[in-house]
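# Summary of structural features
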Amino acid sequence: MIIKNLAISEVFFSMQPSNSIFCTLFNQIPRTIMKNLIMLAIMMVGSYSFAQQALNISKSTVFKDDKKHTELVLSEGDGNGGVLTVRMYYGGLLRAPKGYYIEHFDKSLNLISSTEIEIEKSMIEGAMIKDGNVYLFQKQWGDDLFSINVLSSPLSKLKFESKELLSFDEDDMKKYFAVSIGIFGFNNGLAQADEDFLGKLTFSKEKNFFAFNFDIKDKKNEVHRIFVFNDAFEKVYENDFTKAIKDRYFEFDDISVDDENGNVYMLGKEFENDSRRTKKKGKINYHYELIKLSPEGETSISFKTEEHFVASLTTLKANSHLSCVGFYSDRSENRYKGVVRFDIDPETMRMKNTSFQPFTKQFIIDKYGKEKQKELRSLRYRGVFMEANTGDIIVNAEEYFVRTHYNGRTGAHTTTYHFNDIVSTKIGADGNLIWARNINKRQAANAPYFNTESYTSTYHNGKVYIFLNGSKKVKKIRNDRIEFRDKRAKKLNLYSLVIDAKGNFDYEIIQTDKQLEFPMYVSQGTIMDDGAAVVFLGRKKRNKQLIKINI
């Protein structure tokens, strides 16, 4: 069902002079006002309505697990339209990870083969399929050893064998990571270990290369140890990167791997004047640094934010395009006025172009129903994409915040997680903002995970695709706008929202609550086939179902 009509179009096009009173009122409207009404109606219809192409949806049969709580963490296309999924299952009162279900489905989501991997002092992070084999990356630790292993199996019959890729003994751990392995309650305490001390895995776009980044704790310096491998699991190079700045004054933002040569780009935010204050003496008190690592060594570029607040950036590399992109504010770190893009020459590591673009008039009207000088707050990224040929960038985000309420009578605290408006922008290779849209949404949950709120986005053939749950009736709010809500959790419909190359968007229900056995976890969708397919998991207690949407 495609919903296209908005209140203004309904009012205007139903203006038929069926009685003398209406006709008199209609004819008394000044021609200039009527002209503006017509233009506004055309603009609103044009910005909300175009024909969506049909999506191909496959659904698995409903299956029952031994474990109640599972989460879809990875999915990979098998090259024949099928999909390999990795689901983590949890157990115990604290829902601790206990193992993984590995399943291979054909293009119609019929189960071909499956296996189960139990975990003890280990975890799986990342998967790839090549030449009819599936490879999983396992991190494993013990009393005196930490290793990264590759688990390999033929796709035709899932039976995995393990081969060590990297390992560190207890002396290495103490030397490089300032911790002792112990029982994963480390002898020196987890506070001594940075977030990526177990080695964050990052793939290049087509998985020709992958890198492990170990963020090493050092009070006097910012230290990283990076290992880069090719798709034959051969080590291309390793780099011990050290920057002479106290760890607390450097925020590591992002890492990306070049698909052509395995070069690594590390992005960080460096605070100045021995202070973490964002502004000092009337000036922004930080700058960003992008470091390029390669077998030949390292080069870097530092750049300021031109007295704008930029809370965080992310790096994108495709062909000859290298960019850092994010949101900026003129007020504070947690506010957002528009989008920022820095373009760097990947060969010389020199700045080519800098662009700060405020949100468009269309965006502000989308959100507030009228023009306002107001900045957004509490945004988080939900999908960032670059067109390899043109260098255009899509940034999708969501208004996300957490509120805790105290009940004075009972003394209990209640935490609510809010997943509100969708923000989608397209920034041209020249830095200009091509379009920006705000889609109104009001959703809330009592937990940050295992819920049906939020959304998954992808980008394919010049269009943005957003998948979310919502009530059957989309709410119409003032000034001819719409808002997605989910008041009845048991009656959720799966929506597809599409934004075309000009910024016009349309939406439709692609699966009603009656067609779905149970709602999908849309926040945990996994993207496949370079954005051309998305896989979702739905569940009710121990019963599960997968759906695959081909664009």
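Everything numeric here is computed off the predicted structure, so don't read it as measured data.

Conventions used here
Residues numbered from 1 in each chain as written. Predicted model: local features only at pLDDT ≥ 70, side-chain atom pairs only at ≥ 80, totals over all residues. Heavy atoms only, no water. Helix = DSSP H or I, 4+ residues; strand = E, 2+ residues; numbered from the N terminus. Buried < 20%, exposed > 50% of the residue type's maximum accessible area, 1.4 Å probe, protein only. Contact = heavy atoms within 4.5 Å. Salt bridge = Lys/Arg side-chain N within 4 Å of Asp/Glu carboxyl O. Pairing = 2+ DSSP bridges. Axes fitted to C-alpha atoms, helices over the stretch in contact; angles between N-to-C directions. pLDDT = per-residue confidence, 0-100. Polar contact = N/O pair within 3.5 Å; in protein donor to acceptor, adjacent residues only side chain to side chain. Patch = residues over 30% accessible without salt bridge, like charges linked within 9 Å, V, L, I, M, F, W, Y side chains within 5 Å. Areas by Shrake-Rupley, 256 points an atom, 1.4 Å probe, with all protein chains shown as cover. Lys, Arg positive; Asp, Glu negative; His and termini not counted. Charge placed at Lys NZ, Arg CZ, Asp CG, Glu CD. Core = buried A, V, L, I, M, F, W, Y, C linked by side-chain atoms within 4.5 Å.

### A word on the overall build of the protein
The number of helices and strands found in the protein is five helices and 39 strands. Residues counted as buried form 54% of the 551 residues belonging to the protein. In the protein, 51% of the contacts between residues at least 6 apart in sequence involve partners at least 24 apart.

### A look at helix H5 (residues 361–368)
Most of H5 is tucked away: six of the eight residues are buried. Among all positions in H5, only Phe363, Ile364, Ile365, Asp366, Lys367 and Tyr368 are buried. At the C-terminal side of H5, Gly369 shows a positive phi close to 85°.

### Side note on unusual backbone geometry
In this model, Asp131 sits at a positive phi of 55°, which is unusual for a non-glycine residue. As for its placement among the helices and strands, Asp131 is situated in the loop between strand S7 (122–130) and strand S8 (133–141). The backbone of Glu306 shows a phi angle near 55°, a positive value even though the residue is not glycine. The topology assignment puts Glu306 in the loop between strand S20 (297–303) and strand S21 (313–318).

### Let's talk about the environment of Tyr400
Inspection of the secondary structure puts Tyr400 in strand S28 (residues 393–406). On the basis of relative accessibility, which here comes to 21%, the residue Tyr400 falls in the partly exposed class. Taking C-alpha positions, Tyr400 is 5.6 Å from His418, a pair spaced 18 residues apart along the chain. Contacts of Tyr400, omitting those with residues within four sequence positions, involve Ser378, Arg380, Tyr417, His418, Phe419 and Pro448.

### A look at the pattern of salt bridges
The full count for this structure, using the stated rule, is 30 salt bridges. We note a salt bridge from Arg225 to Asp240, for which the minimum N-O separation is 3.2 Å. Taken together, the positions of Arg225 in strand S13 (residues 222–230) and Asp240 in strand S14 (residues 235–243) put the pair 15 residues apart, joining distant regions of the chain. A residue is classified by how much of its surface remains accessible, and Arg225, at 10% relative accessible area, is buried. Residue Asp240 is classed as partly exposed on the basis of its relative accessible area of 46%.

### A word on the sheet that holds strand S36 (residues 505–511)
Pairing is antiparallel in the open sheet, where four strands are placed in the order S31-S32-S35-S36. Pairing within the sheet leaves two strands with one partner each, and these edge strands are strand S31 (455–460) and S36. The average angle at which neighbouring strand axes cross in this sheet is 25°, direction not considered. For S31 and strand S32 (residues 463–470), the ladder comprises six bridges, and the chain directions are antiparallel. Note on S32: the bridge partner recorded for Tyr459 is Val464.

### Looking at the confidence of the model for the protein
Predicted coordinates in areas of low pLDDT are best not read in detail. Of all residues in the protein, 85% attain a pLDDT of 70 or more, and the chain-wide mean is 86. Within the protein, the element-level pLDDT minimum falls on helix H1 (residues 7–13), averaging 28, and the maximum on strand S24 (residues 338–344), averaging 98. With pLDDT under 50 throughout, residues 1–29 is counted as low confidence; its partners more than four residues away or in other chains account for 36 contacts. Counted against residues more than four places away or in other chains, residues 32–46, with its pLDDT under 50, gives twelve contacts.

### Observations concerning the side chain of Glu76
Here Glu76 lies in strand S3 (residues 70–77). Polar side-chain contacts of Glu76 include one of 2.5 Å to the side chain of Lys207. Excluding residues within four positions of it along the chain, Glu76 makes contact with Gly82, Val83, Leu84, Ala127, Met128, Ile129, Lys207 and Met528.

### So, the sheet that holds strand S15 (residues 250–257)
Reading across from one edge, S15-S16-S19-S20 is the order of the four strands in this open sheet, with antiparallel pairing throughout. Edge positions in the sheet fall to S15 and S20, since each has one partner strand and no second. The average angle at which neighbouring strand axes cross in this sheet is 20°, direction not considered. One ladder, built from seven bridges, connects S15 with strand S16 (residues 264–271); its direction is antiparallel. What sits directly across from Val257, in S16, is Val264.

### Notes on a positive patch on the surface
There is a patch of like positive charges on the surface, built from Lys64, Lys68, Arg95, Lys490, Lys540, Lys541 and Arg542. With respect to the helices, strands and loops of the structure, Lys64 is situated in strand S2 (residues 63–64). Relative accessible area serves as the criterion here: at 63%, Lys64 is assigned to the exposed category.

### A closer look at the pairing of strand S27 (residues 379–386)
Pairing of S27 with S28, which is carried by seven bridges, proceeds in the antiparallel orientation. By the bridge assignment, Leu379 is partnered in S28 with Glu399. Between S27 and S28, which follow one another and run antiparallel, lie six residues, and Gly391 among them has a positive phi close to 85°.

### Re the nonpolar core
One finds Val264, Met266, Leu290, Phe303 and Leu313 to be the most contacted residues of the largest nonpolar core, which totals 36 residues. Formed by 21 residues, the second largest nonpolar core is a distinct cluster that contains Phe146, Leu165, Leu201 and Ile216.

### Observations regarding the pairing of strand S22 (residues 321–328)
When a strand is regular, its side chains alternate between the sheet's two faces. For S22, a buried count of eight out of eight residues is recorded, marking the element as mostly surrounded by other parts of the structure. Taken together, the six bridges between S21 and S22 define a ladder with antiparallel strand orientation. Bridge pairing links Thr315 to Cys324 in S22. Following S21, the chain reverses through two residues before pairing antiparallel with S22; Asn319 in that reversal takes a positive phi of roughly 50°. Here S22 runs beside S24; their pairing, made up of six bridges, is antiparallel. Each bridged residue has a counterpart across the sheet, and for Cys324 the counterpart in S24 is Phe342.

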